[in-house]
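Fold and contact review
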Amino acid sequence: MKIIVAIKQVPDRDAQVRIDAAAKWIEESDIQFALNESDAYALEEALQLKEKHGGEVIVVSAGPERVGQTIREALAKGADRAIHVACDDLGTRDALGVARLLAAAVKPENPDLVLTGLQSEDLGLGQTGVILAELLGLPHATLILHIDVEGDAGSSAHIKVKRELEEGWFQEIEMPTPAVLTIQSGGNKLRYATLMGIKRAKLKEVRTLAASELGTDAAPVVILERLALPQKQKSTQILPGNAKEAAAALVEKLKFEVRVL
Amino acid sequence: MSGILVVQEAGRNRISFEALAAGRRLSELTGLPVETAAVGDPNAAVFVEPSGQPPAVAYAVKHPLLEKYTSDGYVLAFEQLIRKLEPSYIVFPHTYQSRDYVPRLATRFGQVLLSDIVAMEAGPTFVRQVFQGKMTGTYRPLSGGPCFVSIQAGAFPADQPVAGTTTILPFEPQIDAAQIRTTPGAPFRGSSQTVDLGSAQRIVSVGRGIKEAENLPLVQALATALGAEIAASRPICDNGWLPMERQVGSSGQTVAPKLYVAVGISGAIQHLVGIKGSQCIVAINKDPDAPIFEVADYGIVGDLFEVVPALTAAVKAAKA
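Residues numbered from 1 in each chain as written. Chains lettered and ligands numbered in written order. Predicted model: local features only at pLDDT ≥ 70, side-chain atom pairs only at ≥ 80, totals over all residues.

Remarks on the overall build of chain A
Tallying secondary structure elements over chain A gives six helices and 13 strands in all. With the principal axes as the frame, chain A shows a C-alpha extent of 70 × 40 × 40 Å. Per-residue burial for chain A yields a buried fraction of 49% across its 261 residues. Intrachain contacts of chain A at a sequence separation of at least 6 include 70% that bridge at least 24 residues. (Helix = DSSP H or I, 4+ residues; strand = E, 2+ residues; numbered from the N terminus. Buried ≥ 20, exposed ≤ 12 C-beta atoms within 10 Å, placed from the backbone. Contact = placed C-beta atoms within 7 Å.)

Observations regarding the interface of chain A and chain B
If you look at the interface, chain A gives 67 residues, while chain B gives 68 residues. When contributions to the side of chain A that touches chain B are tallied by element, the ones reaching two or more residues are α3 (95-106), α4 (128-136), β7 (140-150), β9 (169-176), β12 (222-228), β13 (237-238) and α6 (243-256) of chain A. In the side of chain A that touches chain B, the residues fall into 40 nonpolar, 12 polar and 15 charged. Bridging between β13 of chain A and strand β16 (residues 298-301) of chain B involves two bridges; their strand directions are parallel. Across the sheet, the residue bridging to isoleucine 238 of chain A is glycine 299 of chain B, located in β16 of chain B. (Nonpolar A, V, L, I, M, F, W, Y, C, P; charged D, E, K, R; others polar. Pairing = 2+ DSSP bridges.)

Focus: the domain arrangement of chain A
Taken domain by domain, chain A comprises domain 1 (2-214) and domain 2 (233-261). Placing a centre on the C-alpha atoms of domain 1 of chain A and another on those of domain 2 of chain A gives a separation of 43 Å. (Domains from an automatic or database assignment.)

Details of helix α1 (residues 37-53) of chain A
All names here are of chain A. Counted at 1.5 Å a residue, the expected span for α1 with its 17 residues is 24 Å, and the 25 Å between its end C-alpha atoms agrees. Of all the 17 residues making up α1, 12 are buried; the element is thus mostly covered by neighbouring parts of the structure. Among the residues of α1, those classed as buried are Glu37, Ser38, Asp39, Ala40, Tyr41, Ala42, Leu43, Glu44, Glu45, Ala46, Leu47 and Leu49. Count one or two residues on from α1 and you reach glycine 54, which has phi positive near 80°. (Expected span 1.5 Å × (residues − 1).)

Topic: the sheet that holds strand β15 (residues 280-285) of chain B
The strand order across the open sheet built from six strands is β13(A)-β16(B)-β15(B)-β14(B)-β12(B)-β13(B), with neighbouring strands paired in parallel fashion. Only two strands of the sheet have a single partner each, and these edge strands are β13 of chain A together with β13 (229-232) of chain B. Lying over the sheet, helix α9 (residues 304-319) of chain B contacts β14 (259-263), β15 and β16 of chain B, oriented at roughly 135° with respect to β15 of chain B. (Axes fitted to C-alpha atoms, helices over the stretch in contact; angles between N-to-C directions.)

Here we look at the domain arrangement of chain B
All names here are of chain B. Domain boundaries assigned for chain B yield domain 1 (4-179) and domain 2 (197-319). For domain 1 versus domain 2, the separation of C-alpha centres amounts to 34 Å. Counting residues at the interface gives six residues for domain 1 and nine residues for domain 2. Within the side of domain 1 that touches domain 2, the residues separate by chemical class into one nonpolar, four polar and one charged.

What to know about unusual backbone geometry
Here the amide bond leading from threonine 177 of chain A into proline 178 of chain A is cis, since omega sits at 0°, within 30 degrees of zero. Relative to the helices and strands, proline 178 of chain A resides in the loop between β9 and β10 (179-183). A positive phi angle is found at leucine 143 of chain A, which is not glycine, with a value near 60°. Turning to its location among the elements, leucine 143 of chain A is positioned in strand β7. For phenylalanine 131 of chain B, which is not glycine, the phi torsion reads 50° and is therefore positive.

Overview of α6 of chain A
The end-to-end C-alpha distance of α6 of chain A, which contains 14 residues, comes to 20 Å, matching closely the 20 Å that a straight helix rising 1.5 Å per residue would cover. Every buried residue of α6 of chain A is listed here: Ala243, Ala246, Ala247, Leu250, Val251 and Leu254 of chain A. Take α6 of chain A and look down its axis: the buried residues cluster within an arc of 140°, on one side only. For α6 of chain A, the elements touching its buried residues are β14, β15, β16 and α9 of chain B. (Arc of directions from axis to C-beta.)

Overview of the confidence of the model for chain B
Parts of the model with low pLDDT should not have their predicted coordinates read in detail. All names here are of chain B. Averaged over every residue, the pLDDT of chain B is 91; the share at 70 or more is 93%. Mean pLDDT across the secondary structure elements of chain B bottoms out at helix α2 (residues 45-48), with 60, and peaks at helix α3 (residues 71-85), with 98. In the model output, the complex is listed with pTM 0.90 alongside ipTM 0.92. (pLDDT = per-residue confidence, 0-100.)

Re the environment of histidine 146 of chain A
All names here are of chain A. By the secondary structure assignment, histidine 146 is in strand β7. For histidine 146, a count of 17 C-beta atoms within 10 Å translates into the label partly exposed. Spatially, the C-alpha atoms of histidine 146 and alanine 42 are 9.9 Å apart, while their sequence positions differ by 104 residues. Those residues within four positions of histidine 146 in sequence are excluded, and the remaining contacts are Val161, Lys162 and Gly187.

What about the sheet that holds strand β6 (residues 125-130) of chain B?
Taken in spatial order, the 10 strands of this open sheet run β12(A)-β7(B)-β6(B)-β5(B)-β8(B)-β4(B)-β1(B)-β2(B)-β3(B)-β9(B), and their pairing is mixed. Only two strands of the sheet have a single neighbouring strand rather than two, namely β12 of chain A together with β9 (167-171) of chain B. Each adjacent strand pair in this sheet contributes to an overall mean axis angle of 35°, direction not counted. Summarising the sheet, β6 of chain B and strand β7 (residues 135-141) of chain B pair through five bridges and their orientation is antiparallel. Looking at β7 of chain B, one finds that valine 130 of chain B is bridged to methionine 135 of chain B. Taken strand by strand, helix α1 (residues 13-30) of chain B contacts β1 (4-8), β2 (34-39), β4 (89-93), β5 (113-121) and β8 (147-151) of chain B, and its axis lies near 150° from that of β4 of chain B.

Side note on the packing of α3 of chain B against helix α4 (residues 96-108) of chain B
All names here are of chain B. Taken N-terminus to C-terminus, the directions of α3 and α4 make an angle of 45°; their axes are 9 Å apart at the nearest point. As summarised for this structure, α3 and α4 are arranged oblique, according to the angle between their axes. Classified by chirality, the crossing of α4 by α3 is right-handed. Contacts between α3 and α4 involve Ser71, Tyr74, Val75, Phe78 and Glu79 from the former and Asp100, Tyr101, Arg104, Leu105 and Arg108 from the latter. Looking at the contact of α3 with α4, its residues break down into five nonpolar, one polar and four charged. (Parallel < 35°, antiparallel > 145°, perpendicular 65-115°, else oblique. Left-handed = near helix turned anticlockwise from the far one by under 90°.)

Okay, structure coming up:
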């Protein structure tokens, strides 16, 4: 089966993100970027499906030149080829604008499955996959932990997916392919790129499409007007000193103020 | 109707009433009236219980093909209701269900969902958490709408009753069975849940900061000293370092202990919603800007590999 995985490059989890001077976006110059975590799980699920049923895994990612590094990582883990939708204005496009770019890149490939993470770690809108499904006219399911392909893995394939519900509940959903699934983290174990994989990735095809060539509407319907630091919900008492002093101070508080010791 | 339509979710009453409270907040900002809708029997609790704080009109959306939730069915039903009512704003509770179908519904109107909103301001503008809760982003809708909004659990408290009565009107959308492409199975429980964190009085919870599974005994020792249950944020359970049943947060258990000690947990939104009910939150983290410190009562900024053993020793000494 032909599987497309839409991945996003986001600031690394440990990056110290700072608001830029215009308070519209973050300072990007001095931070590390990484593959969005739930997208990594989507890639893993795609690679496992390919190992089981054969086919091809293609990654697609939108963003500026730096995204190329994350694409190479995905290729090193085992994706067969990639499409880079080159655009420098990702931050000012809304979720619909980004999904339109991805849909225009994905559609000519006629995939059997499109997978993506359930949400990004930067904006966390949690919609790109679902919008993509609507734009491609395909059925979708969200928060998927596992995919079983039933019947032959050709055009008449049928899938059964395990969906996470709230508070420890799950459900199975059956649906035809082609389909779009958003993947929840934790459904499988992520692989690391091998040295051989990293070598091979250098030879794999990365096709770059300019956003302007895709002929999609970039005008947003909502804008991110301002970024700010969050207001504290509680007044936190930070206990000063070295580890031993802070621990002693905390125990005093727990004993005499919170009264839980 | 040029108003505000609040879509409630049967079986998720609390956050549905909070969505109604958010609808009223939006009404204050825009001067528009609030109506509500939900899929289900007109006598369902979600219609009856908000009698404490009712909108004037509630639409009971009913069709045999809506008895089991499917995104296709719900998109079709609410597309028709929205085209009929032409509301300016549509407010949803931010649940797994709304996350599943509302982005698709919004796309049908050339719109996007402003998801997981925590506040509304004059304009109106909508505030949501971004970058894992390290910042807030204020969003402004630019087009004529309709504007789709989903609200975060707990952000719009629904504890103030408002007097009034509600007229319930049935709404039957036209849906053909062939339009529903997915077949949902009945919900089932994961592993048999043997740990009830919800009733634990003390919890020590561990996050990514622990780095390796081999380091967990450090945190277990603190939990033992405090007489606490051990719990974790999602990534720890995703890695299989602790069983899924010990996960706290929106996809795990919701807890309300007297003491919640968060060790090496940055405090992503999904985790924080699960610990809101805690009486006292202690955070130990090396990053002074970690969002966990926004909700903590006490914080220690430092290396957990030094702080946790020191704390374990201090607790033992205090109990001795």
